[in-house]
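Per-entry structural report
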Amino acid sequence: MSDCVYPCPCGYWGDTQKPCTCAPVVVTKYQKRISGPLLDRIDIHIEVPRVDYEKLSGDRMGETSELIRQRVQAARNIQQQRFASSQSDVICNADMRVGEIRQFCKLQDDGQSLMRVAMTQLNLSARAYHRILKLARTIADLAGSEEIQSTHLAEALQYRPKLMMG
């Protein structure tokens with residue numbers, strides 16, 4: 001499979017500037033060609049829309065790569081410390097198994113409520129549940145938070161594939 005997955009055969013489904021020429025039934029069939037269990041194994045799904053000229057040519061500066069690198073390294077250090085005393089081979093959040101997830105990805109009451117609703121409404125599998133918790137733990141680490149807040153969990157949930165949410 002290529003690194004890029006188009007939303008339909010013509011590639012313009014959901015584009016704000018160019019209309020999709022595919023029939024709705026063709027779009028649905030095309031999107032279902034990637035199975036749920038395969039999509040379930042991908043942690044982050046981001047739709048990248050067309051970028052307007054004004055945004056590309058503007059003066060607005062984003063965050064520097066160096067600042068991002070420092071934040072990522074700080075999160076990696078947190079994870080190394082978290083798993084240093086562990087007897088397992090886990091070195092980062094992505095490596096966690098169910099036992100570590102239960103230990104290090106505890107949710108507060110509001111997070112549990114959000115996850116309960118998400119499980120029901122999005123029809124999440126056990127694999128998806130655990131992947132969301134690991135991703136929320138990483139988002140919390142990037143934010144420098146010891147606990148997974150509901151905002152971290154909500155962000156992790158938004159990275160689920162849109163095709164699986166419909």
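Before reading further, recall that the structure is shown in the block above.
Reading the values: the criteria
- Residues numbered from 1 in each chain as written.
- Predicted model: local features only at pLDDT ≥ 70, side-chain atom pairs only at ≥ 80, totals over all residues.
- Heavy atoms only, no water.
- Patch = residues over 30% accessible without salt bridge, like charges linked within 9 Å, V, L, I, M, F, W, Y side chains within 5 Å.
- Areas by Shrake-Rupley, 256 points an atom, 1.4 Å probe, with all protein chains shown as cover.
- Salt bridge = Lys/Arg side-chain N within 4 Å of Asp/Glu carboxyl O.
- Helix = DSSP H or I, 4+ residues; strand = E, 2+ residues; numbered from the N terminus.
- Phe/Tyr/Trp six-rings, centres within 6.5 Å; stacked < 30°, edge-to-face > 60°.
- Lys NZ or Arg CZ within 6 Å of the ring centre and 35° of its normal.
- Expected span 1.5 Å × (residues − 1).
- Buried < 20%, exposed > 50% of the residue type's maximum accessible area, 1.4 Å probe, protein only.
- Axes fitted to C-alpha atoms, helices over the stretch in contact; angles between N-to-C directions.
- Parallel < 35°, antiparallel > 145°, perpendicular 65-115°, else oblique.
- Left-handed = near helix turned anticlockwise from the far one by under 90°.
- Contact = heavy atoms within 4.5 Å.
- Nonpolar A, V, L, I, M, F, W, Y, C, P; charged D, E, K, R; others polar.

Describing a nonpolar patch on the surface
A contiguous nonpolar surface patch, about 330 Å² in accessible area, is contributed by I44, I46 and V48. As for its placement among the helices and strands, V48 is situated in the loop between α2 (36-40) and α3 (53-57).

Quick notes on the packing of aromatic side chains
By the definition in use, this model includes 1 aromatic pair. One residue, R82, lies across the ring of F83, its end atom 5.9 Å from the ring centre.

Details of helix α7 (residues 126-142)
With 17 residues, α7 extends 25 Å between its outermost C-alpha atoms, agreeing within 8% with the 24 Å of an ideal straight helix rising 1.5 Å per residue. Taken together, the buried positions of α7 are A128, I132, L133, K134, L135, A136, R137, I139, A140 and D141. Note on α7: the residue one or two positions beyond its end, G144, has a positive phi of about 75°.

Quick notes on the packing of α7 against helix α8 (residues 150-158)
Taken N-terminus to C-terminus, the directions of α7 and α8 make an angle of 125°; their axes are 8 Å apart at the nearest point. With respect to each other, α7 and α8 are oriented oblique. The two elements α7 and α8 meet at a crossing, and its hand is right-handed. Between α7 and α8, the residues in contact are I132, L133, L135, A136, I139 and A140 and H152, L153, E155, A156 and L157, respectively. Class assignment for the residues of the contact of α7 with α8 results in 9 nonpolar, 1 polar and 1 charged.

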